[in-house]
Amino acid sequence: MFVLHVFFIVALACLTSSSGEGIQPVSLCSLPFWELDGDCFYVHDTKLNWHDARHFCTSLSGDNSEETGLATLKDCDQFSIIWQHLSTEFGPYGYWMGGTDEGQEGNWHWVTGESMPMGHPFWIHGQPHNHPEYNCMAYQQNTGYFVGWSCENELYFLCQEY
Ligand SMILES: [Ca+2]
């Protein structure tokens, strides 16, 4: 009976600690994606140009039914959470994300086809500008803003499970 009691207390302690704040025993995301604000993201630490980065992110869907691609952001709160994560876990680099105006100059949209936010507080001051050589959107961690860059630049990048 004593042994049974000890086992029960230990089991209860594990259950309590695993349900504590900040610990998420069940993730919505499949590896290598991690959950953040209800969505699944992955930061790739090798630099590629925007098109190769987009292809890499798309290829991560593998056998999963989830579609994957360069990351999009749903709102300002998620933008803030991503900034905090990149600041603490990675570094002051540029990261490709899924915004582009390649199809039509000045018509910035997410690769999912959804409209993307314009102006403050997302884009760096004065952007997005209409420039035919700057058609791909990066997140600039050191400034905390989106910028439009040449798609041929090689950067780290952020993928997402949609
Ligand atoms: Ca452009």
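All residue numbers here refer to positions counted from 1 along the written sequence of the relevant chain. In keeping with the model being predicted, local features are shown solely for residues with a pLDDT of at least 70 and side-chain atom pairs are shown and tallied solely at 80 or more, while totals for entire chains, interfaces and linings include all residues.

A. Unusual backbone geometry, seen in detail. Of note, the amide linkage connecting Leu 31 to Pro 32 takes the cis form, showing an omega dihedral of 10°. As for its position among the elements, Pro 32 is in the loop between helix 1 (2–18) and strand 1 (34–36). The residue after Gln 127, namely Pro 128, is reached through a cis peptide bond having omega 5°. Unlike most non-glycine residues, Asp 37 shows phi in positive territory, near 55°. Going along the chain from the N terminus, every DSSP run of H or I of four or more residues is numbered as a helix, and every run of E of two or more is numbered as a strand. In this fold, Asp 37 is placed in the loop between strand 1 and strand 2 (39–48).

B. Fine view of the pairing of strand 7 (residues 145–149). The alternating pattern of strand 7 places Phe 146 and Gly 148 on a buried face, while none of Tyr 145, Val 147 and Trp 149, on the opposite face, is buried. Where strand 6 (residues 136–140) hands over to strand 7, the hairpin turn is made up of four residues, of which Gly 144 adopts a positive phi near 85°. Burial in this document is a count-based property: other C-beta atoms within 10 Å of a residue's C-beta are tallied, and the residue is buried at 20 or more, exposed at 12 or fewer, or partly exposed in between, with C-beta positions derived from the backbone. The pairing criterion for strands is at least two bridges between them, as found by DSSP.

C. Up close: the pairing of strand 2. Of the pairings in the sheet, the one linking strand 1 to strand 2 comprises three bridges and is antiparallel in character. Its bridge partner lying in strand 2, Trp 34 is registered against Phe 41. Between strand 1 and strand 2, which pair antiparallel in sequence order, lie two residues; one of them, Asp 37, sits at a positive phi of approximately 55°. When strand 2 meets strand 8 (residues 155–161), the two strands line up antiparallel, connected through six bridges.

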